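Next come the chains, spelled out residue by residue.
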Amino acid sequence: MKRGINIGAALEASIEGEWGVTIKEDRNIIATFHYYTPFWFTHQGAGWVNPSPPVGKKWEGFNEQKQFIEDELDRAVNWAKKRGRQLFRGEFGAYSKKKLLSFFIAVAVSVALTLTACDKGDEAKLPTEGIANEVGDDKESEAGDGKESEAEMILVNQIGYGIDDPKMAVFVVEVDSFDVIDKASGKTVFTGQATGLKRDASSGDTVCYGDFSGLRQPGIYYISVGKGFKSPEFTIAEKPYKDIKNALLKAFYYQRCGMALEDKYAGVWQHDKCHAEDGYIYGDQNQHIDTTGGWHDAGDYGKYVVPAAKAVADLMLAYQLSPEAFKEQINIPESGNGVPDILNEIRYELEWMLKMQDPKSYGVYHKIATLNFPGFIMPEVDKDRRYINHISATATADFAAAMAMGYRVYKSIDKEFAEKMLKAAQNAWQWLEVNPDVPGFKNPPGVNSGEYGDSNDRDERFWAAVELYCATGEQKYHDYIKSSYNDPSFSKASFGWATVGGYGTVSYLMMSQDKVDSTVYDYLRSQFIKEADRLVDIWSNDGYKVVLRPDEYYWGSNGEVMNRAMHLILANAIAANAEYINAARDQFHYILGRNALNQCYVTGFGSNPIMHPHHRPSAADGIEQPVPGMLSGGPNSRRQDPTAQEKIPVGTPPAKAFIDDAGSYSTNEIAIYWNSPAVFVAAYFDK
């Protein structure tokens, strides 16, 4: 009985090695090769490779990528045809110790290698026995069987859907039909047709959609396509977002500074009291004041008035628009005191902000932080001196707006506290009147903490005037509004920390009609609705139904997605339009997993949650799970940190320029002002 002998090429049996002409003319000798192209994908995270290709790459199956593989395989096929040789593909596949992000490569290789090497009838057919089992020489290497990556082909909100809500899955492959499977019984409960094949510019994906809104039975489900491709599990329930809404809110408690987080409230994420010392005025070591309290701003331990004002404004708007969504207690020290926990939490920040106002000039200090960002240490270990940086117009105006807004929200709950805030806001306005033209804040020499610089303070002053007019009805504030409402230097419809005109617009539009000027009102309304319509247009044309253009995946893109969802919800309150709500809902689906990376961007939630945020306590506490309820910054095509530059390849599509790595502060940091609009959105859809 004759047996075949496989002979491999040089260079580890790769195609590049080819086969020498010294192979004997023996029909029992079979030329073989291994195939691991593209190496950067198939060997990501492989420890025996130096340097090891970074984990997180996705092979997209673009035409040029497929063509490259076909061209390589043609080399082997042509070599075999020329010599009349049988050709055997031996090892192939992808190393899967680390999570892979695509199954396309295995499909492409498997299909391409069914080719015959030479055209000599049955005798020359490729040997196939045993091919499927020969897939690598490492014990931990496996074939690309799709089990780890199949969920990425079917993208859903990994938390779930309301019973009566629209429900849609996104398929990253062309399919005809899909089934929704009940997890408990394993039975198909809904079958639908996929529709709307579309190329998504931001991700490079070709997607289609599966609408299963007709499924209204509560339960736990997954979607199945073809033979074994499954989506992440999701729920259908009356209130599917209650837990994530509460977690997004409680994340602010975990950010508290100046107090111990006790285990009865913080659980395994408890830590000792931190930053209890006075802050020192930068440039005057003899002046120090109590600036304890408040929230750590982001993944570091600085505290900044400008983003703080945005965060408390978002939360107060959430409470004003959806008060019924905040009836549950979230287990913080103040729970049970008769005040909704969202207002308890906001107050902790407002009380710190009051300490940042200079009692003599009434201006507001911009920030308090160490000179440099600390390492990945727990907050109580951060003992470097903290410096208070100089008064700025943006901080003072944002402070005035937040305090006047706080007066309106708290006056029926704690009149004394509310009046204290109103007085502070009026005093801050006095500083603004005395200082009408102030340069934007910049870090002084030697200060390397977050800057939050902004050269244009006109939008902050506008917002402050609106909130003070809402709170007091005084004509001087209305006069300022009427003189600045059509100032072209700032947007009247933005909700960023540096572009706060939208807050002023919303507060003015929601005032009683007898207090507004009709010309101002009509102009602001038209600007606000015009922006909402622009967002709807982006939404309707985007493959993943995201309200970002390809060039808008920048630092904090997820926060901007939530800002825009908030805008759409507020626009609906001003001019009811079902498209505004549908578009806003899709932004919530996006951050919860229905995106190009199959990533739930909130820690502690979903089948594929953020595990390694740029958040010092989560990295330093020795707990595997990060602090829950924090929204990651998200994809950033600029890749503005060394980790992102190293691990996210140049040319990665904008919607995929992300890595769940604690070192990537430009894609994976957290921030109070990204969580705050997410609370607003979650509360609205949890009502």
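Reading the values: the criteria
- Residues numbered from 1 in each chain as written.
- Predicted model: local features only at pLDDT ≥ 70, side-chain atom pairs only at ≥ 80, totals over all residues.
- Heavy atoms only, no water.
- Buried < 20%, exposed > 50% of the residue type's maximum accessible area, 1.4 Å probe, protein only.
- Helix = DSSP H or I, 4+ residues; strand = E, 2+ residues; numbered from the N terminus.
- Pairing = 2+ DSSP bridges.
- Expected span 1.5 Å × (residues − 1).
- Core = buried A, V, L, I, M, F, W, Y, C linked by side-chain atoms within 4.5 Å.
- Contact = heavy atoms within 4.5 Å.
- Salt bridge = Lys/Arg side-chain N within 4 Å of Asp/Glu carboxyl O.

A. Quick peek at the pairing of strand 12 (residues 219-225). Most of strand 12 sits inside the fold, with five of its seven residues counted as buried. In the sheet, strand 9 (residues 177-182) pairs with strand 12 via four bridges, with the strands oriented antiparallel. Looking at strand 12, one finds that aspartate 182 is bridged to tyrosine 221. Two strands pair when backbone bridges link them, and strand 12 and strand 14 (residues 234-237) are joined in this way by three bridges, in the antiparallel orientation. The residue of strand 14 that forms the bridge with tyrosine 221 is phenylalanine 234. Two strands pair when backbone bridges link them, and strand 12 and strand 13 (residues 229-230) are joined in this way by two bridges, in the antiparallel orientation. Note that in strand 13 the partner of valine 225 across the bridge is phenylalanine 229. With antiparallel pairing between neighbouring strands as the criterion, strand 12 and strand 13 make up a hairpin whose turn holds three residues, including glycine 226 at a positive phi of roughly 65°.

B. A look at helix 8 (residues 341-355). Taking 1.5 Å of rise per residue, 15 residues should cover 21 Å, and helix 8 covers 22 Å from first to last C-alpha, within 8% of that figure. A large share of helix 8 lies buried, amounting to 12 of its 15 residues. What helix 8 keeps buried is the set Asp341, Ile342, Leu343, Asn344, Glu345, Ile346, Tyr348, Glu349, Leu350, Trp352, Met353 and Leu354.

C. Up close: the nonpolar core. Judged by nonpolar contacts, the single largest core of 179 residues is most densely connected at Phe171, Ile223, Met353, Tyr410 and Tyr508. When near neighbours in sequence (up to four residues on either side) are disregarded, isoleucine 223 contacts Ile154, Val156, Ala169, Phe171, Phe178, Asp179, Val180, Phe212, Phe229, Lys230, Ser231 and Phe234. Judged by nonpolar contacts, the second largest core, of nine residues, contains Phe33, Tyr35, Leu73 and Leu87.

D. Examining the pattern of salt bridges more closely. Applying the stated criterion across every chain yields a total of 23 salt bridges. Note that aspartate 164 and arginine 216 form a salt bridge whose closest N and O atoms lie 2.1 Å from each other. Separated by 52 residues along the polypeptide, aspartate 164 in the loop between strand 7 (160-162) and strand 8 (168-171) and arginine 216 in the loop between strand 11 (206-211) and strand 12 bring together distant segments of the chain. Linked by salt bridges that have partners in common, Arg549, Asp551, Glu552, Glu560 and Arg564 make up one network.

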